[in-house]
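Observations on chain architecture
Chain residues, written in single-letter form:
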Amino acid sequence: MASLTINGTVHEVDVEPDTPLLWVIREQVGLTGTKYSCGIAQCGACTVHVDGVATRSCTLPVSAVTPEQRIVTIEGLSPDGSHPVQKAWLELDVPQCGYCQTGQIMAAAALLQANPQPSDEDITVEMTNICRCGTYNRIKAAIKLAANGGAIRG
Amino acid sequence: MFVLAAGLPTILPAQENKFGADGMPNGWRDDPTIYISLAEDGTVTVTCHRSEMGQGVRTSIAMVVADELEADWARVRVAQAWGDEERFGNQDTDGSRSLRHWFMPMRRAGGAARTMLEQAAAAQWGVPENEVRAANHVVTHAPSGRSLGYGALARAAAMLPVPDRGTVRLKESSAFRYIGKDTVGLIDNYDFTTGTAVYGIDARVEGMLYAVIARPPVYGGKVASYDAANALKVPGVLKVVTIAPPPIPSEFEPLGGVAVIARNTWAAIKGREALKVNWEDGPNAAYSSDTYRARLSEAAGKPGKVVRNEGDVERAMAGAAKRVSAEYYIPHLAQSPMEPPAALVRIVDGAAEAWACTQAPQATRGLLAKRLGLPVEKVKVNVTLLGGGFGRKSKPDFVVEAGLCSQAMDGAPVKVTWTREDDLHHGYYHTVSVERLEAGLDASGKPVAWLHRSAAPTIGSIFAPDPKHELPFELGMGLVNTPFDIPNIRAENPEAAAHVRIGWFRAVSNIPHAFAIQSFVAELAHAAGRDPKDYLLELIGPARIIDPTKIGDVWNHGEDPERYPIDTGRLRRVVETAAEGIGWGRSLPKGSGVGIAGHYSFVSYIAVAAEVAVGDGGRLSIPRVDIAIDCGPMVNPDRVRSQMEGAVIMGAGLATSAEISFKNGRAEQNNFDTYELTRIDSAPREIRVHLLPSTDYARPLGGVGEPGLPPVAPAIANAVFAATGKRIRQLPIRDQLST
Ligand code: FES
Ligand code: FES
């Protein structure tokens, strides 16, 4: 049994303690916006925020998360898709298949929280999520757009 | 009529003399009642029968329909068709042909629906039909100033017969509001960015179970014995069942193995880890990439089956002032869409229902029915979004696995998830090849003879026992249809046996063919002391129209060679555009260089110019890539751009870091730590896409999803040569620059 605070709601889940947070979020809690792709913290598809820090949930056992820790998934990033990063993603039509994008958005939102005006270099260092469709250049542009308050392109 | 060159196999397309959508199984439909519904509140729902995997087809199909329908984009929704080709026509989403085949049928469907709305309004007002006009969701009768919204006309329009397709007026392309414009965004983007988009791996139904499967590590292997005792002790594991091995060649069948079915995915994964399985590896247990490469190389060193032959290569070669040869190696690759294969199936009262990220819903339906012993009508395949496909998801093996697991659980819904390790270990891999080229140059450095041998296991090996040669569609991917202006030219295809499942990977055989040819052109330019771009243009020769069937390509991407001949003028133009884009000829710092490559595939013309910088210790970076595409008239320019951007990044990955290799029949890469895909730090820093304009929508459309990929790797390799003098003859580049 674990108690988790996800998107502001407390969930009691009956799982084995070594179960990665990713699978609990997806299967027990039923929020499928957080994705599986590698399971070994390589790709970032499973990125959520734990106390505001971008975290790869596929390798974080649920037993290592306390009920006090605030977990935010893509579904909780904004009530209506209006987070500046989400808006920038819409504006520049960043996604292709979209699968990696929830993880990318969570990583980008955490990056901007810590560093509101990231340089190209900062983005390149911080954004390590894989996108097989190859949307990196638009991701970079969208992060800058979000950093500039969505005011200007590029 | 097909003119078969001597020595060619007499394999004709499945349906002789039928081209494009006519030649596809179950063809096309253009009945608006199949694809378009209009609610009384005015909401238009377009049913997209092609699978969305990142190419933007749900947006693009909806754009085409909405434009002809004169619909207001804000009121257009899209629904996904289930797998039913009787109803929807061909649904195989592959070959870069959704819009090539469906642009006109979808225009006609939209135009017919618009006509029905106009007829309904005219009848209601008692005025002649030609006095009313539909525009932007409203039908207006100008003489009387009356107008009605689409919603208000929905019911009456639905009662009318569908007009004959010959009578439907299509819009002038100058009146397009969506087609060819950047006026609308991605229709699924809100769902993508909020996490509400549903992929195959996300499918959920009440009472579902979860499974992972231990599959034979070697293709053709099977379970010798297994012990499930420890697996069954894992909390949450419910059942362990075997899946029978398929006959070899295995076609689209599951590989067999041992399935662990559990209350959740994690329990299934842990249960699988606790399984003890003894495998019988079978005939491919000795397959190792290093020794196999030597075998391919040996085959490419000797004459092979002639698949194209013009002039007298021997004589011209003997009389040449200079002879140059080179051999290239292009390894296996895995498609590795970010969403691994995953599907959910349940069986209720003798009817199966699947939710799957499939590129081939009809094939999925057929194979599910066969393996579950159900009539096809009793199988429904719901198509989810695909988290990438790249060819992997055109094979329904993973969906059938879910069906078999469900059957083992008395029809309970079971979702099978492939872990990334499963994806890399049990794929339908891109072929592996050795490409050997030889040319004879005259005194001025111009080639007078060209010999290309391509040795690579064929995709045909998953369907027929032990075929040794590439099929027409593989030969037609840049081997036999190279449109060079060389008088003596021969292509040969020596034998190569397959030891793993070979499958379609975005752009397929164009990858090795283009890599070898476009690298070799630059090698010849160097040998001749010429500028590689000028030399490439010279080889392409003057602008002319080539009938592909006359040079040995009986396939021509399934298209009519008259409607889709090879136009070297278009190929020249993209090469010139890419070169101009990157500033060909400008001076660069030491350690930097630019390279170029141009390739025709999927009836589109693409050229890539790449700039690379090689720093300390051979560290390669790609500051900039210019890619130019002429795909004929475009529906959705922004999605053409995004496909080109994606192709450049995937191409950079296969050029620099991605490889699947085998040892003892087993793939050596396990996950993204060893199968290295391009990330943001290794991606080209700037990608500039040049769309060659085409406003003539009477011209045929070209492919977009795949053709961007083939010229990327050779352009990068050529740039590396320009930067360092080091010639790349083996992919990926990886650490080749560090010495
Ligand atoms: S699934 Fe967690 S990092 Fe890839
Ligand atoms: S958009 Fe498809 S993996 Fe990133």
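From a predicted model like this one, the values you see are computed outputs, not experimental measurements.

All names here are of chain B. Read across the sheet, seven strands follow the order E9-E10-E7-E17-E14-E15-E16 without closing on themselves; strand pairing throughout is mixed. Whereas interior strands pair on both sides, the edge strands pair on one side only; in this sheet they are strand E9 (237–243) and strand E16 (379–383). Across the sheet, the mean angle from the axis of one strand to that of its neighbour is 20°, orientation sign disregarded. Looking at chain direction, strand E15 (residues 351–356) and E16 are connected through five bridges and run parallel.

Bringing the side chain of Gln518(B) into the picture now. Residue and element names in this part refer to chain B. When you line up the elements, Gln518 lands in helix H15 (residues 510–528). Side-chain polar atoms of Gln518 contact the backbone oxygen of Gly598, separated by 2.9 Å. Each residue touching Gln518, except ones within four places of it in the same chain, is listed here: Phe484, Leu536, Ala597, Gly598, Pro714 and Asn718.

Listed by partner, the interface residues are 63 residues for chain B and 47 residues for chain A. For the pairing of chain B and chain A, the buried interface totals around 4,600 Å² over both sides, and the portion due to carbon and sulfur atoms is 54%. It is Trp266(B), Met338(B) and Ile680(B) that lose the most area in chain B upon contact with chain A, and together they represent 18% of the buried surface on that side. The tally of links between chain B and chain A comes to five salt bridges. When the shortest N-O distance is used, the salt bridge between Lys35(A) and Asp202(B) registers 2.5 Å. If you look at where chain B meets chain A, you find 32 residue pairs in polar contact (both at pLDDT 80 or more). Breaking the side of chain B that touches chain A down by element, the ones donating at least two residues are helix H6 (189–194), helix H8 (265–274), helix H13 (420–425), helix H18 (637–656) and strand E28 (686–691) of chain B. Residue contributions to the side of chain B that touches chain A peak at nine residues, all from H18(B).

Residue and element names in this part refer to chain B. In this structure, Ala528 sits in helix H15. Considering only alpha carbons, one finds Ala528 and Pro623, 95 residues apart in sequence, at a separation of 28 Å. In contact with Ala528, other than residues within four places in its own chain, are Leu441, Gly445 and Tyr535.

Residue and element names in this part refer to chain A. Examined at the domain level, chain A breaks down into domain 1 (2–75) and domain 2 (84–148). When each unit is reduced to the centre of its C-alpha atoms, the spacing between domain 1 and domain 2 is 21 Å. Taken together, the 17 residues of domain 1 in the interface contact twelve residues of domain 2. A combined buried area of about 1,100 Å² lies between domain 1 and domain 2, and 60% of that area is made up of carbon and sulfur atoms. Viewed at the interface, domain 2 and domain 1 are joined by zero salt bridges. Summed over the shared surface of domain 1 and domain 2, the result is seven residue pairs in polar contact (both at pLDDT 80 or more). When residues of the side of domain 1 that touches domain 2 are traced back to their parent elements, those giving at least two are strand E3 (47–50) and strand E4 (53–56). With three residues, E3 is the largest single contributor of residues to the side of domain 1 that touches domain 2.

Moving on: the pairing of E4(A). Successive side chains on a regular strand alternate, one facing one side of the sheet and the next facing the other. Residues and elements named next belong to chain A. Inspection of the sheet shows E3 paired to E4 by four bridges, in the antiparallel sense. Note that in E4 the partner of Thr47 across the bridge is Arg56. Taken together, E3 and the strand that follows it, E4, pair antiparallel across an intervening segment of two residues, in which Asp51 is found at a positive phi of about 50°.

Moving on, we get to the pattern of salt bridges. Residue and element names in this part refer to chain B. Taken as a whole, this structure holds 56 salt bridges over all chains when the rule is applied. A salt bridge links Asp30 to Arg108, with the nearest nitrogen and oxygen atoms 2.7 Å apart. Taken together, the residues span a long stretch of sequence, with Asp30 in the segment before helix H1 (32–35) and Arg108 in helix H4 (residues 98–125) at a distance of 78 residues. A relative accessible area of 9% places Asp30 in the buried class. For Arg108, a relative accessible area of 17% corresponds to the buried category.

What counts and how
- Residues numbered from 1 in each chain as written.
- Chains lettered and ligands numbered in written order.
- Predicted model: local features only at pLDDT ≥ 70, side-chain atom pairs only at ≥ 80, totals over all residues.
- Heavy atoms only, no water.
- Pairing = 2+ DSSP bridges.
- Helix = DSSP H or I, 4+ residues; strand = E, 2+ residues; numbered from the N terminus.
- Axes fitted to C-alpha atoms, helices over the stretch in contact; angles between N-to-C directions.
- Polar contact = N/O pair within 3.5 Å; in protein donor to acceptor, adjacent residues only side chain to side chain.
- Contact = heavy atoms within 4.5 Å.
- Buried area = accessible area lost by both parts, 1.4 Å probe.
- Salt bridge = Lys/Arg side-chain N within 4 Å of Asp/Glu carboxyl O.
- Domains from an automatic or database assignment.
- Buried < 20%, exposed > 50% of the residue type's maximum accessible area, 1.4 Å probe, protein only.

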